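# A structural walkthrough
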Protein chains: 2
Amino acid sequence: MSTPIEFYFDFSSPYGYFAAVEIDQLAARHGRSVNWHPILLGPIFKALGTNSLVNIPVKGDYSRHDMVRTARFHNIFYQPPSNFPIGSQVAARAALWVQSTQPAKAVDLIKTLYSAYFTEDIDISVVEHVLRIAADLGIDRDALQAALESQELKDQLRQATEAAGKAGVFGSPFMIVDGESFWGFDRFAQLDAFLKNGKI
Amino acid sequence: MSTPIEFYFDFSSPYGYFAAVEIDQLAARHGRSVNWHPILLGPIFKALGTNSLVNIPVKGDYSRHDMVRTARFHNIFYQPPSNFPIGSQVAARAALWVQSTQPAKAVDLIKTLYSAYFTEDIDISVVEHVLRIAADLGIDRDALQAALESQELKDQLRQATEAAGKAGVFGSPFMIVDGESFWGFDRFAQLDAFLKNGKI
């Protein structure tokens, strides 16, 4: 039985979105499943003393252009959101809650949240928007709203982010499989080769 | 007449070395020439408040592994140097001096310095090593040694680095062609597509 690909992502990360669009297909080519890990990069960046690309002078402008170009290069639909970057706690907590309460709907919710933000300019840092998207997928809106206000769910995301940091995750997307770590959508070709050959 | 690819690199950068190994072939596929720009990332990082990947906790260990893996993936011979990273002033100044005095030997010197450092573990921050490598290529050792001690050559590298910064360069390798910027060896596929199609 092949081990799954551990896939870490932040909902505010365009490269994480690109990875979310393509990872199922990549995994399926090699008979692998995917464990989806929504995390917050903020606390991880803070612990390492790093920063988001888009907040660094010059690099920020370059990376915004690179995101558009990379999406075109890979034929992925992408519209830069007008509010970017955003705090992704609400989306990440909603995803975590659905993973534990209705796992069959979790990947669908994650992909829909990502595409709402990165293709329809829907600000998924807004609770109302996340609740509506979830409700559209048949998820209990009131139960989710209550969960989003609970300390338990906040703690769960904090713990998930801490666990990711302990596993060596420092960016989005970040993939770990069979002890090998891959950072960035631009490492998908290497991840693909690794899964094909069992080594690089 | 096609414009050349402006290719910026730091001699201490493994990804810059990978790019140096492959850029002539990429350029030739599209009838382009390459302008080689040795620069120092140190002052650029300082101005932007960024840092070298390898100096950041966790990211440093990951990137050292990624360098080895990326070299293998692209069939590039690479041996991590025992002294890394290094100050690359001496190598960069030597390359600049040969570019202006014996341009026909400049690319050869650049590639030989890079491969000395990244495949033979020869520390090219050491003046003696750079002089020997240059002499082996038929470059006047004494004239180069005198140039390396001149303020003029130091100023020339400082100015080249400042010009690169003004052109938006913030990493190594960095390629600019027809107004389009590409950061990183992992953007060679996009650079290739851009040169093929005139757009991405």
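Residues numbered from 1 in each chain as written. Chains lettered and ligands numbered in written order. Predicted model: local features only at pLDDT ≥ 70, side-chain atom pairs only at ≥ 80, totals over all residues. Heavy atoms only, no water.

## Here we look at the overall build of chain A
Assigned secondary structure in chain A consists of nine helices and four strands. Overall, chain A shows an N-to-C arrangement of helices and strands of β-α-β-α-α-α-α-α-α-α-β-β-α. At 16 Å, chain A has a C-alpha radius of gyration in line with the 16 Å of a compact globule built from 200 residues. With respect to the principal axes defined by its C-alpha atoms, chain A has extents near 50 × 45 × 35 Å. Among the 200 residues that make up chain A, the fraction classed as buried is 52%. For chain A, the proportion of contacts with a sequence separation of at least 24, taken over those separated by at least 6, is 70%. Carbon and sulfur atoms make up 50% of the accessible area of chain A, which totals about 8800 Å². Between the mean site of the 18 positive side-chain charges and the mean site of the 22 negative ones, chain A shows a separation of 6 Å. (Helix = DSSP H or I, 4+ residues; strand = E, 2+ residues; numbered from the N terminus. Rg over C-alpha atoms; globule rule 2.2 N^0.38 Å. Buried < 20%, exposed > 50% of the residue type's maximum accessible area, 1.4 Å probe, protein only. Contact = heavy atoms within 4.5 Å. Areas by Shrake-Rupley, 256 points an atom, 1.4 Å probe, with all protein chains shown as cover. Lys, Arg positive; Asp, Glu negative; His and termini not counted. Charge placed at Lys NZ, Arg CZ, Asp CG, Glu CD.)

## Observations regarding the side chain of A:Arg32
Residue and element names in this part refer to chain A. Locating arginine 32 in the fold gives a position in the loop between helix H1 (14-29) and strand E2 (34-38). A relative accessible area of 15% means that arginine 32 is categorised as buried. A distance of 2.9 Å separates the side chain of arginine 32 from the backbone oxygen of threonine 3, its partner in a polar contact. In this structure, arginine 32 is in contact with Ser2, Thr3, Ile5, Ala27, Val177, Asp178 and Leu195, ignoring residues within four places of it in sequence. (Polar contact = N/O pair within 3.5 Å; in protein donor to acceptor, adjacent residues only side chain to side chain.)

## Remarks on the interface of chain A and chain B
The partner chain B presents 28 residues to the 28 residues of chain A that form the contact. Carbon and sulfur atoms supply 61% of the area buried between chain A and chain B, which totals about 2700 Å² over both sides. At the boundary of chain A and chain B, one finds six salt bridges. In this structure, B:Arg69 engages A:Glu180 in a salt bridge whose closest nitrogen and oxygen atoms are separated by 2.9 Å. For the side of chain A that touches chain B, the elements supplying multiple residues, two or more each, are helix H3 (59-73), strand E4 (180-183) and helix H9 (188-197) of chain A. Each residue belonging to the side of chain A that touches chain B can be placed in one class, and the counts come to 15 nonpolar, six polar and seven charged. (Buried area = accessible area lost by both parts, 1.4 Å probe. Salt bridge = Lys/Arg side-chain N within 4 Å of Asp/Glu carboxyl O. Nonpolar A, V, L, I, M, F, W, Y, C, P; charged D, E, K, R; others polar.)

## Quick word on the relation of the copies chain A and chain B
Mapping chain A onto chain B leaves a residual RMSD of 0.0 Å; the transformation is a rotation of 180° accompanied by 0.0 Å of translation along its axis. What we have between these two chains is a two-fold relation. Distance from the rotation axis, computed per C-alpha, reaches its smallest value in chain A at A:Asp186: 3.3 Å. Mapped onto chain B, 100% of the interface residues of chain A are again interface residues, and the two copies thus contact each other with one and the same surface. (Least-squares fit on C-alpha atoms with pLDDT ≥ 70 in both.)

## A few points about the packing of helix H4 (residues 89-101) of chain B against helix H8 (residues 151-166) of chain B
All names here are of chain B. Relative orientation of the contacting elements H4 and H8 amounts to 95°, with a least axis distance of 10 Å. On the basis of the axis angle, H4 is roughly perpendicular to H8. Contact residues: Gln89, Ala92, Arg93, Leu96, Trp97 and Ser100 in H4; Leu153, Lys154, Gln156, Leu157 and Ala160 in H8. When grouped by side-chain class, the residues that make up the contact of H4 with H8 number six nonpolar, three polar and two charged. (Axes fitted to C-alpha atoms, helices over the stretch in contact; angles between N-to-C directions. Parallel < 35°, antiparallel > 145°, perpendicular 65-115°, else oblique.)

## Focus: the pattern of salt bridges
According to the stated counting rule, one finds 24 salt bridges over all chains in the structure shown. The shortest N-O distance in the salt bridge between A:Glu128 and A:Arg141 comes to 2.8 Å. With a gap of 13 residues between them, A:Glu128 in helix H6 (residues 127-136) and A:Arg141 in helix H7 (residues 141-148) connect regions that are remote in the sequence. Overall, A:Arg141 belongs to the partly exposed group, its relative accessible area being 29%. Two residues, A:Asp136 and A:Arg132, come together in a salt bridge whose shortest N-O distance is 3.9 Å. Highlighted residues: A:Asp136 and A:Arg132, both in helix H6, separated by four residues, approximately one helical turn. For A:Asp136, a relative accessible area of 61% translates into the label exposed. Because the salt bridges share partners, they merge into one network encompassing A:Asp66, A:Arg69, A:Glu180, A:Asp186, A:Arg187, B:Asp66, B:Arg69, B:Glu180, B:Asp186 and B:Arg187.

## Brief notes about the sheet that holds strand E1 (residues 5-9) of chain B
Sheet strands pair via backbone hydrogen bonds, and the direction of the pair is either parallel or antiparallel. All names here are of chain B. Sheet architecture is open: four strands sit in the order E2-E1-E3-E4, paired in mixed fashion. Strands with a single pairing partner mark the edges of an open sheet, and in this sheet they are strand E2 (34-38) and strand E4 (180-183). Sheet twist, expressed as the average angle between the axes of neighbouring strands with direction ignored, equals 20°. Here three bridges tie E1 to strand E3 (residues 174-177), and the two strands are oriented antiparallel to one another. In the strand pairing of E3, tyrosine 8 is matched with phenylalanine 174. (Pairing = 2+ DSSP bridges.)

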